[in-house]
2 protein chains.
Amino acid sequence: MRILGIDCGTQRTGYGVIDSDGRQHHLVDSGVIRTSPRDPLETRLLAIAAALRECRAAHRPQAVAVEQVFVAANARTALKLAHVRGVALLIVAEAGLALAEYSPLEVKMSVVGYGRAEKRQVQQMVASLLRLDSVIASEDACDALAIAICHANCAALGLKIGVKA
Amino acid sequence: MRILGIDCGTQRTGYGVIDSDGRQHHLVDSGVIRTSPRDPLETRLLAIAAALRECRAAHRPQAVAVEQVFVAANARTALKLAHVRGVALLIVAEAGLALAEYSPLEVKMSVVGYGRAEKRQVQQMVASLLRLDSVIASEDACDALAIAICHANCAALGLKIGVKA
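Residues numbered from 1 in each chain as written. Chains lettered and ligands numbered in written order. Predicted model: local features only at pLDDT ≥ 70, side-chain atom pairs only at ≥ 80, totals over all residues. Heavy atoms only, no water.

Draft legend 1. Up close: the packing of helix 3 (residues 104-111) of chain A against helix 5 (residues 139-156) of chain A. Residues and elements named next belong to chain A. Direction vectors running N to C along helix 3 and helix 5 enclose 75 degrees, while the axes themselves pass 9 Å from each other. Here helix 5 runs roughly perpendicular to helix 3, going by the angle between their axes. Along the contact surface, helix 3 presents Glu 106, Val 107, Ser 110 and Val 111, while helix 5 presents Ala 146, Ile 147, Ile 149, Cys 150 and Asn 153. Residue composition of the contact of helix 3 with helix 5, grouped by class: 6 nonpolar, 2 polar and 1 charged. (Axes fitted to C-alpha atoms, helices over the stretch in contact; angles between N-to-C directions. Helix = DSSP H or I, 4+ residues; strand = E, 2+ residues; numbered from the N terminus. Parallel < 35°, antiparallel > 145°, perpendicular 65-115°, else oblique. Contact = heavy atoms within 4.5 Å. Nonpolar A, V, L, I, M, F, W, Y, C, P; charged D, E, K, R; others polar.)

Draft legend 2. Structural context of the confidence of the model for chain A. All names here are of chain A. In this model, chain A carries an average pLDDT of 93, and 95% of its residues clear a pLDDT of 70 or more. Ignoring residues within four places in sequence, the model shows residues 161-165, a span with pLDDT below 50, making 16 contacts including any to other chains. Scored by ipTM, the complex comes to 0.89, with pTM at 0.91. (pLDDT = per-residue confidence, 0-100.)

Draft legend 3. Structural detail: the relation of the copies chain B and chain A. Between chain B and chain A, which share one sequence, the superposing operator has a rotation angle of 180 degrees and an axial displacement of 0.0 Å; the RMSD is 0.0 Å. Expressed as an axis order, the relation between the two copies is that of a two-fold axis. Residues of chain B ranked by C-alpha distance from the rotation axis are headed by B:His83, positioned 2.4 Å from it. (Least-squares fit on C-alpha atoms with pLDDT ≥ 70 in both.)

Draft legend 4. Just the sheet that holds strand 3 (residues 25-34) of chain A, in detail. Residues and elements named next belong to chain A. The strand order 3-2-1-4-5 describes an open sheet built from 5 strands, whose pairing is mixed. Only two strands of the sheet have a single neighbouring strand rather than two, namely strand 3 and strand 5 (98-102). For this sheet, the mean angle separating the axes of adjacent strands, direction not counted, is 20 degrees. Taken together, the 5 bridges between strand 4 (residues 63-67) and strand 5 define a ladder with parallel strand orientation. If you follow Ala 63 over to strand 5, its bridge partner there is Ala 98. Running at roughly 170 degrees to strand 4, helix 2 (residues 75-94) makes contact with strand 2 (12-20), strand 4 and strand 5 of the sheet. (Pairing = 2+ DSSP bridges.)

Draft legend 5. Seen up close, the pattern of salt bridges. Taken as a whole and assessed by the stated rule, the structure comprises 12 salt bridges over all chains. Within this structure, A:Arg53, A:Arg56 and A:Glu94 form a network of salt bridges that share partners. (Salt bridge = Lys/Arg side-chain N within 4 Å of Asp/Glu carboxyl O.)

Draft legend 6. Summary view of the nonpolar core. A:Val64 and B:Val64 are the most contacted members of the largest nonpolar core, which has 46 residues in total. Sequence-distant contacts of A:Val64, defined by excluding residues within four places in its chain, comprise A:Leu4, A:Ile6, A:Val92, A:Leu97, A:Ala98, A:Leu99 and A:Ala100. (Core = buried A, V, L, I, M, F, W, Y, C linked by side-chain atoms within 4.5 Å. Buried < 20%, exposed > 50% of the residue type's maximum accessible area, 1.4 Å probe, protein only.)

Draft legend 7. Spatial organisation of the state of the cysteines. Residues and elements named next belong to chain B. Using the criterion set out here, one finds 0 disulfides over all chains in the structure. Looking at Cys 142, it has no disulfide partner, and the nearest cysteine sulfur is the one in Cys 150, 13 Å off. We classify Cys 142 as buried; its relative accessible area is 1%. (Disulfide = S-S within 2.5 Å.)

Draft legend 8. Layout of the interface of chain B and chain A. With 25 residues of chain B in contact, the opposing surface of chain A contributes 25 residues. Contact between chain B and chain A buries roughly 2,200 Å² in total, counting both sides, with carbon and sulfur atoms accounting for 78%. Among the residues chain B hides against chain A, the three largest losses belong to B:Glu42, B:Leu79 and B:Leu90. Together they make up 29% of the total. Connecting chain B to chain A are 2 residue pairs in polar contact (both at pLDDT 80 or more). When contributions to the side of chain B that touches chain A are tallied by element, the ones reaching two or more residues are helix 1 (41-59) and helix 2 (75-94) of chain B. The dominant element in the side of chain B that touches chain A, judged by the number of residues it contributes, is helix 2 of chain B, at 12 residues. (Buried area = accessible area lost by both parts, 1.4 Å probe. Polar contact = N/O pair within 3.5 Å; in protein donor to acceptor, adjacent residues only side chain to side chain.)

In structure tokens form, the structure reads like this:
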């Protein structure tokens, strides 16, 4: 199964594509969509939509996994993030792809085995699980891969397949 | 100037199109995009995007006005709303249209002259300003028209034209 993980953000949206049989995961592509804080939000959403559509067309994933969003300490940040997330979900729905959502805790539990794992630990486990020679330098791309791996693990166990928002 | 006002919501998104010379406003179209709470969010976003694109193509507005979003009493509702708003801003940006944003207070001040006006007063003033025989029954369509009228008034005064998120 080919899985696209997306780590939404207004300034940096990470994406990661893996192939997985549920036991072994293989890196296909990963990267970061960057937008400028000097641009208005709608311009940035347009750029993110274009890049996600391009990624979707290039890799033709069978499933897409994203992180759930919460109103955390910074409510303004969460609201902006939700705008980006709305656009990401639209891109998923346009292609009729199955969507799964996981909390940050679930992602860390699934990838590192520990819900309060640090960024560095996630980077190391993602590199190890994908059998890479070095860690993925971009935190956003790495987080997106972690979300994809989390979904691969859960889908293998028959959990959360096609779970909807 | 032809203005499209959008009142975003997950269950009901109102839209209102007016022609205005800044003094007189003329109703072109208004309505409500309804989605089912039984459908997953991404399916609803897809339906809202399709309806907004249809409205944009049918009426070819020169400017679009939307309400600002705040984290109010219900943070979960605000987050869902922000997903819809992200999709609405994308539809605006796709066509390169000027976007203006107003707070609910600004809309009521501009349309009724009183920031704490009730829904009923907004409905009556919208009907009066558009010289309609009866009020617009749908609150969501009426709110969208109020946002469009607010922008027509502000644009006439040289305020907020093309103000960005």
